[in-house]
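In case you want the letters, here they are:
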Amino acid sequence: MSAPLSDWPWQNLGVYKYVLYGPLLAKVLYSGFHEESFKDNWCFHILLICWLRGLVYILWSSYSNMPFLTRNRRINKEGVDFNQTDREWDWDNFILLQALIGSMACYMFPFLQNLPIWNPKGFLAVLILHIVVSEPLYYWVHRCLHTSHLFTDYHSLHHGSPVLQPLTAGHATFLEHLILATVIGIPILGSSMMGFGSISTIFGYILVFDFLRGLGHCNVEVIPHQVFEILPFAKYLLYTPTYHSIHHTDMKSNYCLFMPFFDALWSTLEGESWELHKKMTSDSGNNERVAEFVFLAHVVDLTSAMHAPFVFRSYASIPYTTRMILLPLLPLTFLFMLGMWAWAKPFKVSFYNLRGRLHETWTVPRFGFQYFLPFSLDGINKHIEDAILSADRLGVKVISLAALNKNESLNGGGTLFVNKHPDLKVRVVHGNTLTAAVILNEIPRDTKEVFLTGATSKLGRAIALFLCQRKVRVLMLTLSTERFQKIQKEAPVDCQNCLVQVTKYQAAQNCKTWIVGKWITPREQSWAPSGAHFHQFVVPPVLAFRRDCTYGDLAAMRLPEDVQGLGSCEYTMERGVVHACHAGGVVHSLEGWTHHEVGAIDVERIELVWKAALKHGLKSVSSAGNQDSACMI
């Protein structure tokens, strides 16, 4: 049984907890439509300040999750994993709590409903009350919360987050936030009772309070040590992210709210706080750890751009879907797209650790539709080349190219860059060998015939050649007899008759195994017999039109269980699952292979790469996939 006041009253409501804002919203709407003025405008101010408070924390969270800006000044170098994101999912409970407390205060103290917009004396009164009452009150309560029983029952929840984040500031028990509401409320109520209160004072104090809470938990050192060298006493007036991070690792010092003066006063100030802060800011230029592997991704479309972890951390931690609540942000996303098109360079998006090796995801600042604009192709290749050369300078060992970044018509699956820069130390990998292996692993060993679209593509060719060597009849859909015959001649002589050119979908009306490498319409799907299964390596995936058929997922693999710091989903993939081309680069890195994997797929290596993936703990996640002898591999 949990301790009293440790659980939130609405913790079982989920997203429906926001209904508790309903009475305030109803009051605002009623005043706006049925009265000449906002008689109950205090409800409007409470709702507005709740929205602004949430925005403060979201902006801090976005900043702290921008590794392209913060990588050299991160205090804790580990990534935020799914477990921490889930634990902190309801980080905004305290905003709802304080909105309810504020509403009750307005009813209990009617003078709060008629405060002026501005009163300069209020700022001085709030500052004095904060320093004299709120700071020491919080210090002693916080110090008490670190005693054995109180820490176990209440405060351990807050300290359970391994990596400090701005949203960690709100992750605490109900009792702690009741206390924090008191700490915030005393200066507001006190200054108002003295006749100095104002709406601007309340807004200003609460938002500065939240800003400083976000600062302390952001895990990025943003305050230069030179500030404290010029103004030595300032270090006792304002804590730093490094200062507060010491409290979360040591837990026996640095208890203050915002002012280290009280730690110094009561002898709980960690003596090395300022030295560690100076070291963190002084060494920021030499503080970067080099990744062993980089996956070079690209943006798919406007809505998926909001799936990045530095936009909404919680949204990025679940598989991508279009969410109606985010659609109003599309105009802003469109402006960012234009800005990226004009000025941005490839940048780091996320990272995780695997067996002591740092793996990063970088992105080319281009959206999917731009890869089909002839005038933008040279610019895209320039960005990809810049990313490869940057990885080479940094000492990255392997860089893997995502779907459109390795397009055959764009750069020959990476061949362009390898030929142009023959002395590259970084290995360039398209990952298609493992992609082919994943698709082939879905196909049962007793399959006698398959229908293959996109048959003369890089992947289609490799799949056709592999299957024909297993004596599987492959119906290759293509209008180009020349390209078909070229692939057919690559097959062993005794297997060439297994490759059959077809030019119409009707040819597959009796074939129950379709391998889709080219997008097909519902009309084209209608030629498949009932009970057919659609394997696919086409982006975007085909529409699941036939209810009497089954559809496979895009080729993907689950990362090994010992992956650390992984906290974002790769597009529509489940947690811990990455596209096969990403996984192919991981395997290349773990195996320590020294060759480039570009251009045409070496069919003879498909089985080797598959076994290497399984050896290192990667697993197939396809609904049709197996890892036993019943499959082609």
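What you see is a predicted model; the values in this text were computed from it and never measured. (Residues numbered from 1 in each chain as written. Predicted model: local features only at pLDDT ≥ 70, side-chain atom pairs only at ≥ 80, totals over all residues. Heavy atoms only, no water.)

### Quick word on the domain arrangement of the protein chain
Structurally, the protein chain comprises domain 1 (11–283), domain 2 (293–429) and domain 3 (443–557). Each of domain 1 and domain 2 was reduced to a C-alpha centroid, and the two centroids are 35 Å apart. Summed over both sides, the interface between domain 1 and domain 2 buries roughly 1300 Å², with carbon and sulfur atoms accounting for 64% of that surface. Inspection of the region where domain 1 meets domain 2 yields 1 salt bridge. Arg313 is the partner of Glu88 in a salt bridge, and the nearest nitrogen-oxygen pair spans 2.9 Å. Listing elements by their share of the side of domain 1 that touches domain 2, those giving two or more residues are α2 (41–64), α3 (67–70) and α4 (82–87). Of the residues that constitute the side of domain 1 that touches domain 2, the class distribution is 8 nonpolar, 7 polar and 5 charged. (Domains from an automatic or database assignment. Buried area = accessible area lost by both parts, 1.4 Å probe. Salt bridge = Lys/Arg side-chain N within 4 Å of Asp/Glu carboxyl O. Helix = DSSP H or I, 4+ residues; strand = E, 2+ residues; numbered from the N terminus. Nonpolar A, V, L, I, M, F, W, Y, C, P; charged D, E, K, R; others polar.)

### Some words on the environment of Tyr63
The topology assignment puts Tyr63 in helix α2. Through-space distance from the C-alpha of Tyr63 to that of Val220 is 8.9 Å; in sequence the pair is 157 residues apart. Once residues lying within four places of it in the same chain are set aside, the contact partners of Tyr63 are Thr70, Arg73, Val220 and Val222. (Contact = heavy atoms within 4.5 Å.)

### Some details on the packing of α2 against helix α5 (residues 93–108)
Remark: α2 packs on α5, axes separated minimally by 10 Å, with the N-to-C direction vectors making an angle of 155°. On the basis of the axis angle, α2 is roughly antiparallel to α5. As α2 runs across α5, the sense of the crossing is right-handed. Together, Trp42, Ile46, Cys50, Arg53, Gly54 and Tyr57 of α2 and Phe94, Ile95, Gln98, Ala99, Gly102, Ser103, Cys106 and Tyr107 of α5 make up the contact between the two elements. Across the contact of α2 with α5, the residue classes break down as 9 nonpolar, 4 polar and 1 charged. (Axes fitted to C-alpha atoms, helices over the stretch in contact; angles between N-to-C directions. Parallel < 35°, antiparallel > 145°, perpendicular 65-115°, else oblique. Left-handed = near helix turned anticlockwise from the far one by under 90°.)

### Looking at the side chain of Asn65
Assignment of secondary structure puts Asn65 in the loop between α2 and α3. Leave out the neighbours within four places in its chain, and Asn65 touches Gln165, Pro309, Phe310, Arg313 and Val349.

### A look at the UniProt feature "transmembrane region" (unreviewed entry) in the protein chain
In the UniProt entry, the feature "transmembrane region" (unreviewed entry) is given for residues 42–60, 94–112, 124–141, 178–208 and 325–344. Counted over residues 42–60, helix gives 100% and strand 0%. Its end C-alpha atoms are 27 Å apart. (UniProt positions renumbered as here; feature names shortened; annotations may be inferred.)

### Some thoughts on the sheet that holds strand β2 (residues 347–354)
The 6 strands are arranged β5-β4-β1-β3-β2-β13 in an open sheet whose pairing can be described as mixed. Of all the strands in the sheet, the pair left with one neighbour each is β5 (427–429) and β13 (563–564). Looking at chain direction, β2 and strand β3 (residues 357–364) are connected through 7 bridges and run antiparallel. Counterpart to Phe347 in the pairing with β3 is Thr363. Packing against the sheet, helix α17 (residues 377–394) makes contact with β1 (293–298), β3, β4 (398–401) and β5, and its axis sits at approximately 155° to β3. (Pairing = 2+ DSSP bridges.)

### What to know about the UniProt feature "domain: Very-long-chain aldehyde decarbonylase CER1-like C-terminal" (unreviewed entry) in the protein chain
In the numbering used here, UniProt assigns the "domain: Very-long-chain aldehyde decarbonylase CER1-like C-terminal" (unreviewed entry) feature to residues 450–619. Taken end to end, residues 450–619 is 28% helix and 18% strand, and its first and last C-alpha atoms sit 24 Å apart.

### Looking at the environment of Cys50
One can find Cys50 in helix α2. By relative accessible area, Cys50 is classed as buried at 10%. Between the alpha carbons of Cys50 and Tyr21 there is a distance of 10.0 Å; along the sequence they are 29 residues apart. (Buried < 20%, exposed > 50% of the residue type's maximum accessible area, 1.4 Å probe, protein only.)

### Brief notes about the side chain of Asp92
Residue position: Asp92 is located in the loop between α4 and α5. Note on Asp92: relative accessible area 14%, which makes it buried. Apart from residues lying up to four places away in sequence, Asp92 is in contact with Lys17 and Tyr18.

### A short note on the sheet that holds strand β15 (residues 619–620)
Here we have 3 strands laid out as an open sheet, ordered β14-β12-β15, and antiparallel in their pairing. Unpaired on one side and paired on the other, β14 (577–579) and β15 mark the two borders of the sheet. Here strand β12 (residues 556–558) runs beside β15; their pairing, made up of 2 bridges, is antiparallel. Considered in β15, the bridge of Met557 is made with Ser620.

### What to know about the pattern of salt bridges
For the coordinates displayed, the defined rule picks out 22 salt bridges. One salt bridge in this structure joins Lys278 and Glu229, with 3.5 Å as the shortest N-O distance. Placement of Lys278 in helix α13 (residues 273–282) and of Glu229 in helix α10 (residues 226–230) is noted, with a sequence separation of 49 residues between them. Relative accessible area serves as the criterion here: at 46%, Glu229 is assigned to the partly exposed category. Residue Lys615 pairs with Glu591 through a salt bridge whose shortest N-O separation is 2.6 Å. In this pair, Lys615 sits in helix α25 (residues 606–615) while Glu591 sits in helix α24 (residues 580–591), placing the two residues 24 residues apart along the sequence. Each member of the salt-bridge network shares a partner with another, and the members are Lys17, Asp90 and Asp92.

### With respect to the pairing of strand β8 (residues 499–502)
Sheet analysis places strand β7 (residues 473–477) next to β8, joined by 4 bridges and oriented parallel. Within β8, the residue paired with Leu477 across the bridge is Val502. Handedness of the β-α-β unit built from β7, helix α22 (residues 481–490) and β8 comes out right-handed. (Right-handed = clockwise from strand over helix to strand, strands pointing away.)

### Observations regarding the packing of aromatic side chains
As enumerated under the stated definition, the model contains 34 aromatic pairs in all. Grouped by ring-pair contacts, the aromatic residues Tyr139, Trp140, Tyr255, Phe261, Phe262 and Trp266 constitute a single cluster. Its guanidinium or amino end placed over the ring of Trp593, Arg605 lies 4.8 Å from that ring's centre, counting from NZ or CZ. (Phe/Tyr/Trp six-rings, centres within 6.5 Å; stacked < 30°, edge-to-face > 60°. Lys NZ or Arg CZ within 6 Å of the ring centre and 35° of its normal.)

### Comments concerning the environment of Lys278
Classification of Lys278 as partly exposed rests on a relative accessible area of 41%. For the pair Lys278 and Leu237, spaced 41 residues apart in the sequence, the C-alpha separation amounts to 17 Å. Other than its neighbours up to four places away in sequence, Lys278 contacts His225 and Glu229.

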